[in-house]
Amino acid sequence: MVIEAGWHESVSEAPPSTRRHAVLRASGFSATLALAVLLSGCGGGSADVKAGGTIYAAQCARCHGDNGEGGAGPSLIGIARVFETAEGQERFVKNGGTGMPMFGQILSDDEIRNAVAYTRETFR
Ligand code: HEC
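This write-up is about the structure you can find in this document. Since the model is a prediction, treat every value here as computed from it, not as a measurement. (Residues numbered from 1 in each chain as written. Predicted model: local features only at pLDDT ≥ 70, side-chain atom pairs only at ≥ 80, totals over all residues.)

## Thoughts on the nonpolar core
In this structure, Ala47, Ile55, Tyr56, Cys60, Val93, Phe103, Leu107, Ile112, Ala115, Val116, Ala117 and Tyr118 together form the largest nonpolar core, which totals 12 residues. Elements supplying a minimum of two residues to this core: α2 (49-64) and α5 (109-122). For this core, the leading source of residues is α5, giving 5 residues. Once residues within four sequence positions are removed from consideration, Val93 is found in contact with Phe103, Ile112, Ala115 and Val116. (Core = buried A, V, L, I, M, F, W, Y, C linked by C-beta atoms within 7 Å. Buried ≥ 20, exposed ≤ 12 C-beta atoms within 10 Å, placed from the backbone. Helix = DSSP H or I, 4+ residues; strand = E, 2+ residues; numbered from the N terminus. Contact = placed C-beta atoms within 7 Å.)

Here it is, written out as structure tokens:
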């Protein structure tokens, strides 16, 4: 009898704690969702990877290769691991480097953003 009462007690306590857990998980999920929406909103609109491919072929491939394999310039394969963010890579492309033109004087910000997105998506 005593054992049975104890069992009922623990069962009746189970639902509220389960519910609390579910609420915590749900709010964690919506926070993740909000962060994702916030991050995708950064940088003034999403890049056009397809348009970026056209720019890459016209402006970048002669030094970095049609498939990012490198040539006069270094290989861009795995470039998303070299530049943690697209913004950092866009800054580099704008300013150029030793033997690389300053594309900030040649291409618009949108064109650079698209070309960078293309390299990050395609050369993995
Ligand atoms: C005239 C040849 C040339 C052209 C054209 C060129 N690059 Fe480069 N690029 C280079 C050279 C050389 C470097 C190495 C520069 C340095 O380290 O200072 C480089 C470096 C880079 C890097 C950094 C690579 C790394 O691993 O650190 C990125 C990213 C890059 N280029 C992207 C581009 C993009 C995008 C374009 C087209 C918009 C482009 N490049 C056009 C020659 C070129």
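## Re the packing of α2 against α5
Here α2 crosses α5 at 95°, and the two axes come no closer than 7 Å. Classed by the angle they form, the pair α2 and α5 counts as roughly perpendicular. On α5, the residues touching Val49, Ala51, Gly52, Gly53, Ile55, Tyr56, Gln59 and Cys60 of α2 are Glu111, Asn114, Ala115, Ala117, Tyr118, Thr119 and Glu121. When grouped by side-chain class, the residues that make up the contact of α2 with α5 number 8 nonpolar, 5 polar and 2 charged. (Axes fitted to C-alpha atoms, helices over the stretch in contact; angles between N-to-C directions. Parallel < 35°, antiparallel > 145°, perpendicular 65-115°, else oblique. Nonpolar A, V, L, I, M, F, W, Y, C, P; charged D, E, K, R; others polar.)

## Observations concerning the packing of helix α4 (residues 86-95) against α5
Relative to each other, α4 and α5 sit at 120°, their axes nearing to 9 Å. When the interaxial angle is binned, α4 and α5 end up oblique. For the element pair α4 and α5, the recorded crossing hand is right-handed. Contact with α4, carried on its side by Ala86, Gln89, Glu90, Val93 and Lys94, involves Ile112, Arg113, Ala115, Val116, Ala117 and Arg120 of α5 and no other residues of that element. For the contact of α4 with α5, a count of residues per class yields 6 nonpolar, 1 polar and 4 charged. (Left-handed = near helix turned anticlockwise from the far one by under 90°.)

## A short note on the site of the ligand
The immediate surroundings of the ligand are formed by 23 residues, with Cys60, Cys63, Gly73, Gly97 and Gly99 found nearest. Elements with a minimum of two residues in the shell around the ligand: α2, α3 (79-82), α4 and α5. In terms of residue count, the dominant contributor to the shell around the ligand is α2 (5 residues). Looking at the shell around the ligand residue by residue, the class counts come to 14 nonpolar, 8 polar and 1 charged. (Near = placed C-beta within 6 Å.)

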